[in-house]
Amino acid sequence: MSTRQPLLEVEDLTTTFSTDNGELTAVDGVDFSVDEGETVCIVGESGSGKTVATESVTRIVKEPPGRVRGSVRFKSRDLLEMSEPELREIRGYEIAHIFQNPQEAMNHCYTVGWQIVEALQIHRDVSDEEARAKAIDLMDKVGIANASSRFDDYPHEFSGGQKQRVMIAMALVGDPDLLIADEPTTALDVTVQAQILRLLDDLQEEFDMGILFVTHDLGVVAEIADRIVVMYAGKVMERGDVLDIFERPAHPYTQQLLNCLPEIGGKKGGIPGTLPDPLDPPDGCRFAPRCEHAVDACVTGDQPEEIEVNPGQRASCVHYRPGRDDSVVRDGIPDSTADGEEVSSADD
Amino acid sequence: MTEEPLLSVRDLKKHYPIRKGLLNRQVGAARAVDGISFDIAPGETLGLVGESGCGKSTAATSIVRLEEPTGGEVIFNGGGRSGATRNADGTHPNDVTRFDDRELKAFRRDAQMIFQDPSSSFDPRMSVGGAVAEMLQIHGMSDRHRRRAIVEDLLERVGLSPEDYDRYPHEFSGGQKQRIALARALVLNPELIVADEPVSALDVSIQAEILDLIADLQSEFDLSLLFISHDMSVIREICDRVAVMYLGEIVEIGPTDRVFADPQHPYTEALLSAIPTPDPRSTAEGIELTGTVPSPTNPPSGCRFHTRCHRVIQPDDVDLDQSSWRGLLNLRDALAADSVDVDQIRENFRTGTDTGATPDAVKGQIRREFDLEETISSDEMESLLDAALDEALGDDLDAAAATLSERVTTPCEERVPQRTSHEPGHESACHLHERDRSAPPNPADD
Amino acid sequence: MATKKPEQFDRVDWSELSESRRFDLSINSIGMLVATLPLALLWLYDYQFVGEREATFQAIGLSRNLDPLDYFFVFTLFLFFFYLILPLYQNPRMTRYYWKEFRRNRPAVVSLGWLGIVFVGGLIGPLLISAPEQSILTGHQPPVFLSIDEANVANCVGEVVNGRCQGTWQHPLGTTRGGKDVFAGIVYGMTISMQIAFITTTIVAAIGITFGTVSAYAGGWVDEVMMRFVDIILSFPTFLMFLLILYIYGAGLGMFILVFSAFAWGGTARYVRSKSLSVSEEEFIKATRISGASTYRVVRKHVVPNVASSIITQLTLLIPGFLLAEAQLAFLGIGDSAVPSWGQLISAGRSDLAFAPWIVLSPGIVLFLTILAFNFIGDALLDALNPEAEAESA
C-alpha cells in the first residue's frame, strides 16, 4: 500500500471555536493522511474532535465561530488556502461527504431521484434525461431494489438504511476520489449497518476511492479500516495499521479502549474519569488524568511527540521516549500473554 | 411449582389504534407487541434484543403498565405476592394488567425502570437528590431528613458523593446521570428493574463502567433484570438468558451462551453475524439480510420474517439456490403490490442507452433489480419466470403475479410457526425446526 | 421491627409507613397562606364595615384608600414573592446558574436594573411623594436646567432670566398645563404600570396554564372543545369589546385589565398545551409515573414548573403589549382620566408639544425604556431558561 499516492495530507490541523466562555480548541494540531483507494478510520469517543477534524478538511465547519488553521493538501493543492468557489468545486465532487443522520441530510420536499439529479447537475452539464438515467444507475449501484420505480418516491417513503444508500448515491455523482464518512452507520440497526459497510467496501473497489471514516465503534473499524488514527480530546494518541493497533496497541488509551470491549478485554470497569474540559485542557498528555501509567513527565509540557513503536505505528506517549522503560505500557496490551499466541488466537 | 418465576409474561399484546376521518374511526392497528411470552426467575437477567421498531421498548412499558397493554397477562410474584394461585374465573391475582390503583402503586415499589437518554431522564429544574427522594415521598415517607439520609447513602453506593444531592442534572456527565438513574430505580428497593437501552447513549468506555455497576448492584440486592438493548455485545455481557424479537414477536429465546453459540432462528443467525467483531483478521462473510422491516400495521402472514429470511423454505419439489428463490419471492410480491414500473424502465432504456428498450433488455433489467440471474437453475421456474415477465411487459402485472404465485409459494407465509424446543429452555419459532425436528440444521453450513 | 440502619434504602419497612396522604404543604404555600389571610381579612373589613366614601384606613387616621385593584395587586405581589423569588432563594445553585446565563446579556442586566427602579418606585414612591395635584398657576413649569418663554407660564416658580422661566428642583421634570408635577406623575404611573404588569400576568398565566395543561392531559374531545374555544378567544376583537364595555360600564383601570387579560391568554394556553405534551414525553416524566406518582402530582411538580419557566418569557413579552395598549387608549382619550398612568400624562401634554415637549417626552421616554426593558429581559430569559441549552452544557 506504500506504492499508492497520498491523496489527502493533513498537517497540524487546528480548529477552534470562539464561545462565550473563551476559545474552545476542538482539534489541536492533528496530522493524518489518506492514500488513494485506502480506508483510514479516525476513532474516538464523543468529544475527541474526530467529526470536527473531518469537517475541517473541506471547511464545512461553520466559520465563524469556528476557525481552521494548518494545512490540508488534497492532490497537492491546499484546501485551506482556496477560495470558497474553488472549494465548492471540490466539495461533493472530488471529496464527498456522508453523515450520520441521513434524515437530516435530505430535503423532504423533493423526490429522492430529483435530489440525486440535482447533485449531478450542480457539477456536470448533463441533460435531464441523461441525469435521470445516471441517477437510476447510481441508485441501482447502491443497492436500492427496484430503483427505476423508486426514483419518484419521497424520502419519507424510504427506511433509514435506504436513505443512507441514497446519500451514498448522491455522494457518488461526482465520481469522488475521497469519501468522508462521518459515523454513517451509527444511527442504523446492526443488520443494516452490515449492509452499508459491505456496500462501501464494494464501491471503494469499483470507484477506487479513498475513504476517511469516522466512528466510535471499534467493531466497525476492525471490519473496514486499513489504517487507524486514534483521537482523544482533540489530539492524536496513536496511529498505525489496523492489525498493529488491534493486536499491539501501544498507547494506554488505545489499550484501555480496546479493553472496554467485552469481546477483547474482560477487564471490567471501563475507563475511570471523564474527558478534560476542552476550554482548559490539562498540561502534558491529554489522557494523563485518566491514565493508570501516568508519571510526572506525562503532566508537563505539551502532548508528547509521536514515537515510532513498530514500523508504521506511532504513539504519543512518554513511555516510548528513548531511554525509558516502555514495559509498563507494553504490558497493558490486551491478552498479551505472548504476542505470538495472540495472533494465532485471533484467527478463529 | 418448585421455582416460581418472579415475572411471567403471557401472550402480551400492545396494539396502537390507527384512527382516521372525522369520527376518529379505528381503521387498523400498529401491532407493536403481538403476543410475547417469557419468564424471569428471581435474580435473573433476561435480555430482550431486536432492531429498532421490533417492539422491545413497547414491551417494556407495557409490562410495567406505563402503557396499558391491549391483551395478555403479566404475572408478577414479587413483593410478598408469591404462592398465589389462579382464581376460579381463570384470572390471576398477581396479574399486573388487572391491578387496581392501590395494587398498582404497591407494584411500583417492586418494579422500576431505567431509561435510555440520560439527558432527558431528569427534571432539569429539580436537584438530582430531590428527584431520587421524590420516589420515597410519593410512597409516603414524609420525614425529609430520613429521605435525604437514604438518598445520600444510595448516591454513594452508585459511585457518587453525598454532596451531589443538591446538584442539578446539567452538572453531570451522561455516565453520572445514568448512575443517578440507577439510584432512582433502586431507592424503593424493587425486585425487578426494567432497563431500556440503559447504555446505548454512552461512550464505550463509560458503558463498561455502567454495566459493571448494574451487575454489582444486581448481585448485591438480588435484583431481576429485564435488559432491553439492540446491542448484542452488551446483551452477551450482562444477560443470563436472551429473547430475540422481530416485528412484535419473540422468535427465539434461550440461555445467552447457547443462543450466541448456536442460534436456531435464521433471524438470530443473521443478527449475530451482522455484529462487527473487533478483530481485523476475521474475514467471515456475514449473512446479509435484504429488504427492510415490514410495517407493524400490516405484518406479513405466517412467519413474519419470511419476507427477509435467507432460509425461506421452498416447495418440496423445488430446489433453487436461496438467492434466486428470494428474488422470485420478492418479484412476486412486488408485482402483486404493483410496484414494478415497467414503463419507467423502458423510458430509461430509451434515453440512457443506444440499444433502445428491447423486451429482452427490459426483462434483463427487471431480473437485475431483483437479483435474479440471466437464467435460473430450475427449468420449470425459468419458464414460469419468463412467462410472468412477458405478462409484466404486457402491462398486466396482476396476471404476472398470478402466474408466479402458482408455483412460487412457501409454507413460511402460510402458517404461523410454533415454538419448538431445542434443548431445555432454548426455543425458537421457525418452520425449519418444525419440519425436521429430528435433524436440526447446522448453522455453520451455508 | 427493629431496623438497625433505617437510613438505607433496602432497610425501609414500607408497611410501617402509612399510606395515608397527609396534606403536605410546602413552606412557600404556608407563607402564601399566612400572607394572604390578613389581606383577605382587611378586604372583608373594607367591604363590610367601611363606608363607600370612606378611606380604608380612616379608623387609624390614615387617608389612604384601597380599591379592589390594590388588593389584587398586593395578592399578585405575594404570589410573585412566594412562588418566584423565594424558590430562587431556596435553590441557590440553580439561581446562580440562571444568573450566570442571564448575565451574559448585558442589555438585559441594565433592563433588569431599570425595571427594578420602576418596581420600587411604583411600590414606595406614592408613599413618599404626594400625588400630583392640580394647580393652574404653576402650569407649564419647565424641567430643571431648562427654560421656557415667560409668556407660556402664568406664574414661574423659579427665577426668570432674560424673559425665560427657569426650571427648579421643586418640579424636576416640569409640570403639565394643569400644574401637575410630571415627576410625581411618572412615579404614580409606575404604580399603574406595575399593577398592569403583575395583574395581567397573573390572570393570563393562571388561565393559560390551567387551560393548557387540562387540555393536554384530558385529550380527546375535551381537548378538541377547549382548543376551539381558544381559537375563538384568539380571534376575538378585544378592542371593540372594550369599547362596548366602556360605554356600558365606564372604563376604569380594573375594567381595562380584566378585559384585556381575559382575551390575551389564548396564545399562552396553546403554548402551554403543546409544551406540556412535549414535556410529558420526556423520560423523567415516565420515571416519575413509574414511581407511582398520581397524574396530579406529575403535572404540578414536573410539567407545570417546566412549562412555567418557558412561558415566563412569553409573559414577559406580553406585558409591553398591555402597557402600550393602555397608553394608546389613554392617548385616544378612551381611558379613565382619573388614573395617573403614563398614557394619561402623555395625552395631557399632546396639545402643548410645541412649547412644553417635556410633558410628552418624559413619560414617553420612561414608557419606551420600560417596554424595551421587558423585551430585552424576555430575550435573555429565553436563553437562560432554555432547557435544551442546559442539556448541551452538560
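About the criteria used
Residues numbered from 1 in each chain as written. Chains lettered and ligands numbered in written order. Predicted model: local features only at pLDDT ≥ 70, side-chain atom pairs only at ≥ 80, totals over all residues. Heavy atoms only, no water. Helix = DSSP H or I, 4+ residues; strand = E, 2+ residues; numbered from the N terminus. Buried < 20%, exposed > 50% of the residue type's maximum accessible area, 1.4 Å probe, protein only. Contact = heavy atoms within 4.5 Å. Areas by Shrake-Rupley, 256 points an atom, 1.4 Å probe, with all protein chains shown as cover. Lys, Arg positive; Asp, Glu negative; His and termini not counted. Charge placed at Lys NZ, Arg CZ, Asp CG, Glu CD. Patch = residues over 30% accessible without salt bridge, like charges linked within 9 Å, V, L, I, M, F, W, Y side chains within 5 Å. Salt bridge = Lys/Arg side-chain N within 4 Å of Asp/Glu carboxyl O. Core = buried A, V, L, I, M, F, W, Y, C linked by side-chain atoms within 4.5 Å. Domains from an automatic or database assignment. Buried area = accessible area lost by both parts, 1.4 Å probe. Polar contact = N/O pair within 3.5 Å; in protein donor to acceptor, adjacent residues only side chain to side chain. Phe/Tyr/Trp six-rings, centres within 6.5 Å; stacked < 30°, edge-to-face > 60°. Lys NZ or Arg CZ within 6 Å of the ring centre and 35° of its normal. Pairing = 2+ DSSP bridges. Axes fitted to C-alpha atoms, helices over the stretch in contact; angles between N-to-C directions. Parallel < 35°, antiparallel > 145°, perpendicular 65-115°, else oblique. Left-handed = near helix turned anticlockwise from the far one by under 90°. Nonpolar A, V, L, I, M, F, W, Y, C, P; charged D, E, K, R; others polar. Disulfide = S-S within 2.5 Å.

## Quick word on the overall build of chain B
Right, on to step 1. A tally of regular secondary structure across chain B gives 15 helices and 11 strands.
Right, on to step 2. Dimensions along the principal axes, computed over C-alpha positions, put chain B at roughly 85 × 60 × 55 Å.
Right, on to step 3. Taken over 446 residues, chain B has a buried fraction of 57%.
Right, on to step 4. Excluding contacts between residues fewer than 6 apart, the proportion of contacts in chain B whose partners are at least 24 apart in sequence is 65%.
Right, on to step 5. When the accessible surface of chain B is totalled, it reaches about 17,800 Å², and 46% of it is carbon and sulfur.
Right, on to step 6. Both charge centroids of chain B, one from 45 positive and one from 80 negative side chains, sit 8 Å from each other.

## Observations regarding a nonpolar patch on the surface
Right, on to step 1. Among the surface-exposed residues, L361(C), I365(C), F368(C), L369(C), L372(C) and F376(C) lie close enough to one another that they form a single nonpolar patch of about 510 Å² accessible area.
Right, on to step 2. Structurally, L369(C) can be placed in helix α13 (residues 358-384).

## Things to note about unusual backbone geometry
Residue and element names in this part refer to chain A.
Right, on to step 1. The backbone of D12 sits at a positive phi, close to 50°, despite the residue not being glycine.
Right, on to step 2. Its location among the elements puts D12 in strand β1 (residues 6-19).
Right, on to step 3. The backbone phi angle of E183 is positive, close to 45°, even though this residue is not glycine.
Right, on to step 4. Its place among the elements puts E183 in the loop between β7 (178-182) and α8 (190-207).

## Structural notes on the nonpolar core
Right, on to step 1. In terms of nonpolar packing, the biggest core is built from 104 residues, with F227(B) and L328(B) touching the most fellow members.
Right, on to step 2. Taken domain by domain, the makeup of this core includes at least three residues from each of domain 1 (1-125 + 187-294 + 428-446) and domain 2 (322-409) of chain B.
Right, on to step 3. Among all residues touching F227(B), those that are not within four sequence positions of it are T45(B), L46(B), G47(B), L48(B), A195(B), P198(B), L211(B), I214(B), V234(B), I235(B), I238(B) and C239(B).
Right, on to step 4. Counting 83 residues, the second largest nonpolar core, distinct from the first, contains C165(C), A197(C), L253(C) and F263(C).

## Comments concerning the domain arrangement of chain A
All names here are of chain A.
Right, on to step 1. Domains assigned within chain A are domain 1 (6-227) and domain 2 (233-338).
Right, on to step 2. The distance between the C-alpha centroids of domain 1 and domain 2 comes to 29 Å.
Right, on to step 3. Carbon and sulfur atoms make up 58% of the area that domain 1 and domain 2 hide from each other, which totals about 1,500 Å².
Right, on to step 4. Three residues, D28, E45 and L218, lead the burial of domain 1 against domain 2; their summed loss comes to 34% of the area buried on that side.
Right, on to step 5. The interface formed by domain 1 and domain 2 holds 2 salt bridges in total.
Right, on to step 6. Linking K235 and D28 is a salt bridge whose minimum nitrogen-to-oxygen distance equals 3.7 Å.
Right, on to step 7. Applying the counting criterion to the domain 1 and domain 2 interface returns 7 residue pairs in polar contact (both at pLDDT 80 or more).
Right, on to step 8. Mapped by element, the contributors of at least two residues to the side of domain 1 that touches domain 2 are β2 (22-35) and α9 (218-224).

## Observations regarding the pattern of salt bridges
Residue and element names in this part refer to chain A.
Right, on to step 1. Counted according to the given criterion, the structure contains 52 salt bridges over all chains.
Right, on to step 2. Here E38 makes a salt bridge to R227, at a shortest N to O gap of 2.7 Å. Here E38 is found in the loop between β2 and β3 (39-43), whereas its partner R227 is found in strand β9 (residues 227-232), with 189 residues between them in sequence.
Right, on to step 3. Here K141 makes a salt bridge to D137, at a shortest N to O gap of 3.3 Å. In this pair, K141 and D137 both sit in helix α5 (residues 128-141), 4 residues apart, roughly one turn of the helix.
Right, on to step 4. A residue is classified by how much of its surface remains accessible, and K141, at 30% relative accessible area, is partly exposed.
Right, on to step 5. Overall, D137 belongs to the partly exposed group, its relative accessible area being 36%.
Right, on to step 6. If you follow the salt bridges from partner to partner, you end up with K75, R77, E94 and D177 in one network.

## Comments concerning the packing of aromatic side chains
Both the distance between ring centres and the angle between the ring planes are used here to describe each pair of aromatic rings.
Right, on to step 1. In the structure shown here, the tally under the stated rule is 25 aromatic pairs over all chains.
Right, on to step 2. Centre to centre, the rings of Y97(C) and Y98(C) are 6.1 Å apart; their planes meet at 50°, and the pair counts as tilted.
Right, on to step 3. Considering the side-chain rings of F211(C) and W265(C), the 4.8 Å spacing of their centres and the 50° angle between planes classify their relative orientation as tilted. Of this pair, F211(C) sits in helix α5 (residues 182-218) while W265(C) sits in helix α9 (residues 265-279), and the two are 54 residues apart along the sequence. As far as the burial class goes, F211(C) and W265(C) line up, both buried.
Right, on to step 4. Feature note: the residues F73(C), F80(C), F119(C) and F198(C) constitute an aromatic cluster, connected by ring pairs.
Right, on to step 5. The ring of F158(A) is capped by R150(A), whose NZ or CZ atom sits 4.1 Å from the centre of that ring.
Right, on to step 6. When the ring centre of F122(B) is taken as origin, the NZ or CZ atom of R184(B), which lies over that ring, is 4.3 Å away.

## Looking at the sheet that holds strand β5 (residues 77-78) of chain A
Where strands meet in a sheet, backbone hydrogen bonds hold them as pairs that are either parallel or antiparallel.
Residue and element names in this part refer to chain A.
Right, on to step 1. On the basis of which strands lie adjacent, the open sheet formed by 4 strands has the order β2-β1-β4-β5 and antiparallel pairing. Each edge of the sheet is formed by a strand with only one pairing partner; in this case those strands are β2 and β5.
Right, on to step 2. Where strand β4 (residues 66-74) meets β5, 2 bridges bridge the pair, whose relative direction is antiparallel. Across the sheet, F74 pairs through a bridge with R77, a residue of β5.
Right, on to step 3. Sitting on the sheet, helix α1 (residues 50-57) touches β1, β2 and β4, and the angle it makes with β1 is about 115°.

## Observations concerning the interface of chain B and chain C
Right, on to step 1. Taken together, the contact pairs 46 residues of chain B with 40 residues of chain C.
Right, on to step 2. Between chain B and chain C, the buried area comes to about 4,100 Å², and carbon and sulfur atoms account for 54% of it.
Right, on to step 3. The largest share of the area that chain B buries against chain C comes from L66(B), R125(B) and H170(B), three residues that together contribute 19% of it.
Right, on to step 4. On the surface where chain B and chain C come into contact, there are 2 salt bridges.
Right, on to step 5. Salt-bridge contacts for R297(C) lead to E134(B); the nearest nitrogen and oxygen are separated by 3.2 Å.
Right, on to step 6. Our enumeration of links across chain B and chain C arrives at 15 residue pairs in polar contact (both at pLDDT 80 or more).

## Quick notes on the sheet that holds β7(A)
All names here are of chain A.
Right, on to step 1. Pairing is mixed in the open sheet, where 8 strands are placed in the order β6-β7-β8-β3-β9-β10-β12-β11. This sheet does not close on itself; its edge strands, each paired only once, are β6 (95-98) and β11 (307-310). Across the sheet, the mean angle from the axis of one strand to that of its neighbour is 20°, orientation sign disregarded.
Right, on to step 2. Relative to the sheet, α1 contacts β3, β6, β7, β8 (210-215) and β9, its axis offset from that of β8 by approximately 150°.
Right, on to step 3. Packed onto the sheet, α8 meets β3, β6, β7 and β8 and runs at close to 160° relative to β8.

## Thoughts on the packing of helix α2 (residues 68-90) of chain C against α5(C)
Residue and element names in this part refer to chain C.
Right, on to step 1. Orientation of α2 relative to α5, taken along the N-to-C sense of each, is 65°, at an axis distance of 9 Å. The angle between α2 and α5 falls in the class roughly perpendicular. Of the two elements, α2 crosses α5, and the hand of that crossing is left-handed. Where α2 approaches α5, its residues L69, D70, F72, F73, T76, L77, L79 and F80 are matched on the opposing element by M194, Q195, F198, I199, T202 and I203.
Right, on to step 2. Grouping the amino acids of the contact of α2 with α5 by side-chain chemistry returns 10 nonpolar, 3 polar and 1 charged.

## Let's talk about the state of the cysteines
Right, on to step 1. Counted according to the given criterion, the structure contains 0 disulfides over all chains.
Right, on to step 2. The structure places no disulfide on C285(A), whose sulfur is separated from the nearest cysteine sulfur, that of C298(A), by 6.2 Å.
Right, on to step 3. Distance from the sulfur of C430(B), which forms no disulfide, to the nearest cysteine sulfur (C303(B)) is 6.1 Å.

## Description of the pairing of β3(A)
All names here are of chain A.
Right, on to step 1. In terms of burial, β3 is largely enclosed, as 5 of its 5 residues are buried.
Right, on to step 2. Every second residue of β3 is oriented toward a common face, with T39, C41 and V43 on one face and V40 and I42 on the other, all of them buried.
Right, on to step 3. Sheet topology places β3 next to β8; 5 bridges connect them, and they run parallel. Bridging across to β8, T39 finds its partner in I211.
Right, on to step 4. The pairing of β3 with β9 spans 4 bridges and is classified as parallel. Paired with V40 across the strands is R227, a residue of β9.

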